[in-house]
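Close look at the chain arrangement
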Amino acid sequence: MKIDEKDRKFLIENIKAAQALIEANHVDDLLEEIDGFMTERGYAPPDYHELNDIGRQAERIYDRIYYNN
């Protein structure tokens, strides 16, 4: 799996299953985990329609993994 070290660090720090999925080279499963993380923690109040900072960061990582793999 092609993944930047900075992106790997963010994922391991924020998504419990990320390390195992990266090591197993399960791209689709990792993308699902990132999507779930964004749904859970990536949107800003009050209406939760716009991404917050951590959501935008996760979205960029998702896109890089998707396009590079």
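To keep things clear, this report deals only with the structure shown in the data block.

What counts, and where the lines are drawn
- Residues numbered from 1 in each chain as written.
- Predicted model: local features only at pLDDT ≥ 70, side-chain atom pairs only at ≥ 80, totals over all residues.
- Heavy atoms only, no water.
- Phe/Tyr/Trp six-rings, centres within 6.5 Å; stacked < 30°, edge-to-face > 60°.
- Helix = DSSP H or I, 4+ residues; strand = E, 2+ residues; numbered from the N terminus.
- Buried < 20%, exposed > 50% of the residue type's maximum accessible area, 1.4 Å probe, protein only.
- Core = buried A, V, L, I, M, F, W, Y, C linked by side-chain atoms within 4.5 Å.
- Contact = heavy atoms within 4.5 Å.
- Salt bridge = Lys/Arg side-chain N within 4 Å of Asp/Glu carboxyl O.

Per the stated rule, a full pass over the model turns up two aromatic pairs. With 6.0 Å between their ring centres and 85 degrees between their planes, Phe10 and Phe37 make a pair best called edge-to-face. Of this pair, Phe10 sits in helix α1 (residues 5–14) while Phe37 sits in helix α3 (residues 27–41), placing them 27 residues apart in sequence. For Phe10, a relative accessible area of 8% puts it in the buried group. Of the residues examined, Phe37 reaches a relative accessible area of 7% and is grouped as buried. With a centroid separation of 5.2 Å and an interplanar angle of 85 degrees, the aromatic rings of Tyr66 and Tyr67 are classed as edge-to-face. Assessed through its relative accessible area of 49%, Tyr66 is described here as partly exposed. For Tyr67, a relative accessible area of 64% gives the class exposed.

Moving on to the nonpolar core. Core analysis: the largest hydrophobic core is formed by 17 residues, its most contacted members being Leu11, Leu30, Ile34 and Ile65. Elements with a minimum of two residues in this core: α1, α2 (18–24), α3 and α4 (53–68). Take this core: its biggest share by element is six residues, from α3. Apart from residues lying up to four places away in sequence, Ile65 is in contact with Ile3, Leu11, Val27, Leu30, Leu31 and Ile34.

Here we take up the pattern of salt bridges. Tallying each qualifying case throughout the model produces four salt bridges. Asp53 serves as the salt-bridge partner of Arg56, at 2.3 Å between the closest nitrogen and oxygen. Of this pair, Arg56 and Asp53 both sit in helix α4, three residues apart, which is roughly one turn of the helix. Looking at Arg56, the relative accessible area reads 35%, which means it is partly exposed. Classification of Asp53 by relative accessible area gives exposed; the value is 58%.

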